[in-house]
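# Examining the three-dimensional arrangement
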Amino acid sequence: ERGFVLHSPSGTWDSSLPFSDKMHLTTSRDILDALAAGEGPEHAVIALGYAGWGAGQLEDELARNAWLTVDADEKLLFSAGTAPRYNG
């Protein structure tokens, strides 16, 4: 029961976090219902799953450069297809 919708801004959803003026993250089911009815945001990526870290684990991994971090790019996420997202 873990899911996330990364989407272009639109609508008012029960649980959304706007993290830029072009991308929001929603975890509530109401956005899925709207997408299924053709009434959701113009652009959306649905992700299912869960990742958890112990206390300090993520900070340690970031400090060891175990993660690549880049600025969010809405064109890459919403328009490029799946292969470029993983291959850069």
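Preceding block: the structure.
Per chain, the residues get numbers from 1 upward, laid out in the order the sequence is written. In keeping with the model being predicted, local features are shown solely for residues with a pLDDT of at least 70 and side-chain atom pairs are shown and tallied solely at 80 or more, while totals for entire chains, interfaces and linings include all residues. Heavy atoms throughout the structure, all of them, feed into the side-chain values; hydrogens and water do not.

## Brief notes about the pattern of salt bridges
Think of it this way: side chains of opposite charge can pair up when their charged atoms draw near. In what follows, salt bridge is the name for a side-chain nitrogen of Lys or Arg lying within 4 Å of a carboxyl oxygen of Asp or Glu. This structure, assessed with the given rule, holds three salt bridges. Its salt-bridge partner being aspartate 60, residue arginine 64 comes within 2.9 Å of it at the nearest N-O pair. Note on exposure labels: buried denotes an accessible area under 20% of the residue type's maximum, exposed denotes more than 50%, and partly exposed covers the range between, all computed with a 1.4 Å probe on protein chains only. For arginine 64, a relative accessible area of 52% puts it in the exposed group.

## A short note on the environment of threonine 69
Comment: elements are numbered from the N terminus, with helices defined as DSSP H or I runs of at least four residues and strands as E runs of at least two. By secondary structure assignment, the location of threonine 69 is in the loop between helix H2 (57-63) and helix H3 (74-79). According to the relative accessible area criterion, threonine 69 is exposed, its value standing at 62%. Taking the C-alpha atoms as reference points, threonine 69 and isoleucine 31, 38 residues apart in sequence, are found 27 Å from one another.

## Notes on the sheet that holds strand E4 (residues 44-48)
Taken together, four strands build an open sheet; the order of strands is E2-E3-E1-E4 and the sheet is antiparallel. Looking at the sheet topology across the chains shown, the edges are occupied by strand E2 (16-18) and E4. Recorded for the sheet is a direction-independent mean angle of 20° between the axes of neighbouring strands. Looking at chain direction, strand E1 (residues 3-7) and strand E3 (residues 24-26) are connected through three bridges and run antiparallel. Looking at E3, one finds that histidine 7 is bridged to histidine 24. Residues count as neighbours in contact if any of their non-hydrogen atoms are within 4.5 Å of one another. Note on geometry: axes are lines fitted to C-alpha atoms, helical ones only across the stretch in contact, with angles between N-to-C directions running from 0 to 180 degrees. Each of E1, E3 and E4 is contacted by helix H1 (residues 29-36), which is oriented at about 60° to E1, the strand it contacts most. DSSP bridges decide pairing: two strands pair if at least two such bridges lie between them.

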